[in-house]
Amino acid sequence: MARSWEGPAGRLLLGLAVLLHRTVTDRAAKRRLEHWRNAALRAAHRRGVPVEVLASRTRLTQRWVRTVVTGGKPPPVDEAA
C-alpha cells in the first residue's frame, strides 16, 4: 500500500537527480560554474586573501590561481634587488 506522498516525493527526487546530473555534465553549466568560481577567487584576492590560501582551500595549483587572479595574463615578474 503506497502512501499518498510517495508519488510526488519520488518525482521531486527524480527532478533533483536530473538537475544535478545536468549541472555536473553539461558543458555550458560547467563553464558557468567555473566562471562564478573564478570571479569569487578574483574578488577574494582583491580583498586581501593571498594566492597560497586560495590555492590550498580550493585544491587548485598556485600557478592556476595566479592565472585566474590576473585575468589570464601572466603574473607580473618581481625584479631582483
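Residues numbered from 1 in each chain as written. Predicted model: local features only at pLDDT ≥ 70, side-chain atom pairs only at ≥ 80, totals over all residues. Heavy atoms only, no water.

Labelled according to an unreviewed UniProt entry, the protein chain appears under the name Helix-turn-helix domain-containing protein, originating from Streptomyces hyderabadensis.

Trainee: Can you help me understand the packing of helix α3 (residues 51–58) against helix α4 (residues 62–69) in this one?
Mentor: Helix packing geometry: the angle between the two helix axes and the distance between the axes. Two numbers describe how α3 lies on α4: the axes approach to 9 Å, and their chain directions differ by 115 degrees. When you trace α3 past α4, the crossing you get is right-handed. Contact with α3, carried on its side by Val51, Glu52, Leu54, Ala55 and Thr58, involves Gln62, Val65, Arg66 and Val69 of α4 and no other residues of that element. For the contact of α3 with α4, the class distribution of residues is five nonpolar, two polar and two charged. (Axes fitted to C-alpha atoms, helices over the stretch in contact; angles between N-to-C directions. Helix = DSSP H or I, 4+ residues; strand = E, 2+ residues; numbered from the N terminus. Left-handed = near helix turned anticlockwise from the far one by under 90°. Contact = heavy atoms within 4.5 Å. Nonpolar A, V, L, I, M, F, W, Y, C, P; charged D, E, K, R; others polar.)

Trainee: Can you help me understand the pattern of salt bridges in this one?
Mentor: Once their charged atoms are close, side chains differing in charge can pair, the charge on each being opposite to the other. Inspection of the entire model under this criterion finds one salt bridge. Its salt-bridge partner being arginine 66, residue glutamate 52 comes within 3.3 Å of it at the nearest N-O pair. Highlighted residues: glutamate 52 in helix α3 and arginine 66 in helix α4, separated in sequence by 14 residues. On the basis of relative accessibility, which here comes to 40%, the residue glutamate 52 falls in the partly exposed class. (Salt bridge = Lys/Arg side-chain N within 4 Å of Asp/Glu carboxyl O. Buried < 20%, exposed > 50% of the residue type's maximum accessible area, 1.4 Å probe, protein only.)

Trainee: Sorry if this is basic, but what is going on with the confidence of the model for the protein chain here?
Mentor: Where the model shows low pLDDT, its predicted coordinates should not be examined in detail. Averaged over the protein chain, the pLDDT score is 80; the fraction of residues at 70 or greater is 79%. In the model of the protein chain, helix α1 (residues 6–25) stands out as the element of lowest mean pLDDT, 76, in contrast to α4, which has the highest, 91. (pLDDT = per-residue confidence, 0-100.)

Trainee: Even after reading the chapter, I still don't get unusual backbone geometry, so can you show me in this structure?
Mentor: For residues other than glycine, phi is negative in most cases, and the peptide bonds are mostly trans. In this model, arginine 59 sits at a positive phi of 60 degrees, which is unusual for a non-glycine residue. Here arginine 59 is to be found in the loop between α3 and α4.

Trainee: What's the story with helix α2 (residues 27–46) in this structure? I'm lost.
Mentor: Side chains three or four residues apart in an α-helix point the same way, a direct result of the helix having 3.6 residues per turn. Over its 20 residues, α2 extends 28 Å from the first C-alpha to the last, a length consistent with the 28 Å expected when each residue adds 1.5 Å. Looking one or two places after α2, you find glycine 48, whose phi comes out positive at around 105 degrees. (Expected span 1.5 Å × (residues − 1).)

Trainee: Help me understand the nonpolar core in this model?
Mentor: Note on soluble globular proteins: their nonpolar side chains tend to be buried together. Leu41, Val51, Leu54, Ala55, Val65, Val68 and Val69 together form the largest nonpolar core, which totals seven residues. Elements that contribute at least two residues to this core include exactly α3 and α4. Aside from chain neighbours lying at most four places away, what touches valine 68 is Asn38, Leu41 and Arg42. (Core = buried A, V, L, I, M, F, W, Y, C linked by side-chain atoms within 4.5 Å.)

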